[in-house]
Amino acid sequence: MMKKTNLIYGALLIALFTILLTACATKAPAPLQTPPPGANTAGAPADAGTTPSTPPPESPPSPPETPPTPQETPPPNPPTTPPTSTIKEFTMEAKMFEFIPGEIRVNQGETVRLKITATDVKHGFAISEYGINEQLLVGQEATIEFVADKKGTFTFFCSVMCGSGHRDMKGTLIVE
Ligand SMILES: [Cu+2]
């Protein structure tokens, strides 16, 4: 009895396995085979469609890369530098009882550099509005530098008593 039962169970198990295997084999191949044809067919067109569409996006990026922009940037820099370094330099003489030249004309924002030498006695050079007041020793060139940031006409004058005409020892600074 036992042996027969075992045999029967064994046969049933084998049958079940066979059925399962067959079923799996049938089902497995079916799905696998079906997709391939469909996938290939659909895949080819899909890829074809994707491929053409991909290049266009890449093309647009290329234009943005245009180097012209960087090249245009350099020019602005050079022009900016010159104005900044604008210095108006004047060599002047101070003597009884005048400054030579007696008139200095500059543009607003320019840096003014005055090189003044007293040739007879000690004098001074002052511009009240710019807070300038320097002594000018005989034979020694004094350098006075300032930024002409205030527009207008200003009087520069001798600030060291140098004689009878001292009060009339003046000149004019014009900032336009
Ligand atoms: Cu003086």
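All residue numbers refer to position in the chain's written sequence, counted from 1. This being a predicted model, a pLDDT of at least 70 is required before a residue's local features are given, and a value of 80 or more before pairs of side-chain atoms are given or counted; all residues contribute to the totals for chains, interfaces and linings.

Right, let's talk about the overall build of the protein chain for a bit. Helix and strand assignments come from DSSP, with helices taken as H or I runs of at least 4 residues and strands as E runs of at least 2, each series counted from the N terminus. Across its full length, the protein chain carries six helices and nine strands. Each residue is classed by its C-beta neighbour count within 10 Å, where at least 20 other C-beta atoms makes it buried, 12 or fewer makes it exposed, and intermediate counts make it partly exposed; the C-beta atoms are placed from backbone geometry. Out of the 176 residues belonging to the protein chain, those deemed buried represent 12%. What counts as a contact here is a pair of residues whose C-beta atoms, placed from the backbone, lie within 7 Å. Long-range pairs, those at least 24 residues apart, make up 61% of the contacts in the protein chain between residues at least 6 apart in sequence.

This part covers the nonpolar core. One finds A94, I116 and F125 to be the most contacted residues of the largest nonpolar core, which totals 19 residues. Put simply, the parts of the chain that give this core at least two residues each are β1 (87-95), β4 (111-118), β5 (123-127) and β9 (170-175). Once residues lying within four places of it in the same chain are set aside, the contact partners of F125 are A94, I116, I132, E134, L136, I144, F156 and S159. By definition, a nonpolar core groups buried Ala, Val, Leu, Ile, Met, Phe, Trp, Tyr and Cys residues that are joined through C-beta atoms within 7 Å.

Where the residue is not glycine, phi is negative for most of them; where a peptide bond is considered, it is trans in most cases. Cis peptide bonds are those with omega within 30 degrees of zero, and the linkage from M96 to F97 qualifies with -5°. Within the secondary structure, F97 is located in the loop between β1 and β2 (98-100). Cis geometry is adopted by the peptide bond preceding P101, which originates at I100 and carries an omega value of 0°. Tracing the backbone shows P101 in the loop between β2 and β3 (103-106).

Let's shift gears to the confidence of the model for the protein chain. What pLDDT reports is the predictor's confidence in each residue, on a scale of 0 through 100. Of all residues in the protein chain, 52% attain a pLDDT of 70 or more, and the chain-wide mean is 74. Low pLDDT (under 50) marks residues 16-22, which in the prediction has zero contacts with non-local residues, meaning those over four places away or in another chain. A low-confidence stretch, residues 28-55 (pLDDT under 50), is modelled with zero contacts involving residues beyond four sequence positions or located in other chains.

A few words on the pairing of β1. As paired strands, β1 and β4 are joined by eight bridges and run parallel to one another. Bridge assignment links E93 to a residue of β4, and that residue is T117. What sits between the antiparallel neighbours β1 and β2 is a turn of two residues. A pair of strands counts as paired when DSSP detects no fewer than two bridges linking them.

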